[in-house]
Amino acid sequence: MIEFSDEDLAELDEVACAAERINPALGAMEVENVRNQARAGAIAERVSRRQSASVRSQEMVYRSVAAELAGVTFTTDRSMQAQITQSMEWVECYPATLAAWEAGRITRGHATAVLRCGTVLPRDARAEFDAAAAELCVGQSVGRVKDRLDHLAQELHPRTLAERHKEARGERRVGSQPVGDGMSEVVARVPAILAAAIDDRLNEQASTIIDADPDGRTRDQIRADVFCDMLLTGSPLADPTIDGDGNGTLGMIRAKVQVVVPALTLLGRDDDPANDTTTVDLVGSAPIDPATARALAGAVATWERLVVHPVSGQVLCTDSYRRTASMARLLRARDRHCRFPGCRRPAIRCELDHTLDYALGGPTDIRNLCHLCQRHHSMKQFTSWGVRQLGDGILEWTSPTGRVYIDHPPAPLVRFMPSGGGAPPPDEGGGAPPPDPAPF
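Residues numbered from 1 in each chain as written. Predicted model: local features only at pLDDT ≥ 70, side-chain atom pairs only at ≥ 80, totals over all residues. Heavy atoms only, no water.

K.L.:
Please set out a negative patch on the surface residue by residue, giving values where relevant.
P.N.:
A cluster of acidic side chains, namely D6, E7, D8, E11 and E14, defines a negative patch on the protein surface. As for its placement among the helices and strands, D6 is situated in helix 1 (residues 6–49). Since its relative accessible area comes to 63%, D6 is described here as exposed. (Patch = residues over 30% accessible without salt bridge, like charges linked within 9 Å, V, L, I, M, F, W, Y side chains within 5 Å. Areas by Shrake-Rupley, 256 points an atom, 1.4 Å probe, with all protein chains shown as cover. Salt bridge = Lys/Arg side-chain N within 4 Å of Asp/Glu carboxyl O. Lys, Arg positive; Asp, Glu negative; His and termini not counted. Charge placed at Lys NZ, Arg CZ, Asp CG, Glu CD. Helix = DSSP H or I, 4+ residues; strand = E, 2+ residues; numbered from the N terminus. Buried < 20%, exposed > 50% of the residue type's maximum accessible area, 1.4 Å probe, protein only.)

Right under this line is the structure:
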């Protein structure tokens, strides 16, 4: 166990206190800069309206204003013009987010995530999104809140994800662009489920190569090499496990993608375009359309049933949790990612850790287990960071300086909106949870 001296802890506490003091002041200054850049954009708009109808003359106005600010901030006019455009969007469409940022309750990263997720919404729908998104970000790391913002935007969109996905698939394409020094970038626009599968398979193959033949290449370099091999030859030629004429270990690797599918979506009972309030979550990435989820479920011989509350989306059970494998499935569904505050590494890439060590009498029980990535598992084991379970999957982390951080299980991303006259959820009406849906 790594121990800090009292002097080290005292100085670390001073540094943490300074960070707590600096963050609100920094946020206020950043928002002041955003508002100032938005003023510059307003000037450009006003001057542009007095020019001729020529697109070129209007563009020159924006370039001129951007160059003025770029000169005093030691940046390029192209970069400044992009910053001005972004600042105007924040000021015009996201006042609640700016207010939270200015008060130091959220950071620039949160505000940028709100801006990015809100771009899918029509401008007249962004006010409601802004108010809810600002509150969602408070007390959460940027990585933890991104998927919740994505789902919030999907819920508030006047058109269903299924309708928009059908149109967006028509824009799939692959292109390349030179980046200098004899190198190019290959860019592909494909359905999210396929992108996640490609990324997962490249990770698995890179890990196998690193384990079998650590030849000095970085993971990114290996992923790029395998990517080229697979596209050009149909097989990973860099596979160090090839023995004979057939594929080695890399050729046998298949991508694994975790998808949470509500039962009613799988049965096709909630796909009415006029009342589609359900989204399906591609874990760790983005929402996918119900039709894709049903196709995935139908393409496998067996699949694991995850039963969720039809109103709140809270996980009720997954098969049976009497056996260790079933307990692991339940915990993956509950945690979805590493449970150290702010970490977003997917649960399928984490280790199941006994909160109270097994060697010290900790039981192998869902109330004493959670997912930790290797980095944070080691930190819990070898440093003064401590953790205990408060029940219902809630973790209380204590830092070496004594600061306490509460980490809740991820909020359900799949929610059903009750129809008129329906029974209230258990926490509001006091009734028992509804019975499990029939097996499917």
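K.L.:
Outline the packing of aromatic side chains, supporting the account with residue identities and numerical values.
P.N.:
How two aromatic rings sit relative to each other is given by the distance of their centres and the angle of their planes. Following the criterion strictly, the structure yields four aromatic pairs and no others. Aromatic side chains F340 and W385 sit 5.2 Å apart centroid to centroid with 65 degrees between the ring planes, which places their arrangement in the edge-to-face category. Residue F340 is located in the loop between helix 14 (324–335) and strand 8 (351–354), and its partner W385 is located in the loop between helix 15 (374–382) and strand 10 (386–391); the two are separated by 45 residues in the primary sequence. Both residues of the pair, F340 and W385, count as buried. Of the aromatic side chains, those joined through ring pairs into one cluster are F340, W385, W397 and Y405. (Phe/Tyr/Trp six-rings, centres within 6.5 Å; stacked < 30°, edge-to-face > 60°.)

K.L.:
Before we move on, could you go through the side chain of T97 and cite the residues and values that matter?
P.N.:
Along the chain, the position of T97 falls in helix 4 (residues 95–102). Overall, T97 belongs to the buried group, its relative accessible area being 0%. Non-local contacts of T97, meaning those with residues more than four positions away in its chain, are made with I106, A111, V114, D130 and A134. (Contact = heavy atoms within 4.5 Å.)

K.L.:
Explain the pattern of salt bridges residue by residue, including any values.
P.N.:
Per the stated rule, a full pass over the model turns up 24 salt bridges. The salt bridge involving E89 is made with R123; its shortest N-O contact spans 3.4 Å. Of this pair, E89 sits in helix 3 (residues 77–93) while R123 sits in the loop between helix 5 (108–118) and helix 6 (126–137), and the two are 34 residues apart along the sequence. Here D335 and R334 are joined by a salt bridge, their closest N and O atoms 2.8 Å apart. There is no split in this pair, since D335 and R334 are both buried. It is possible to trace a salt-bridge network through shared partners that takes in R144, R334, D335, R339 and D407.

It is worth stressing that arrangement in space is one thing and function is another; only the former is reported here.
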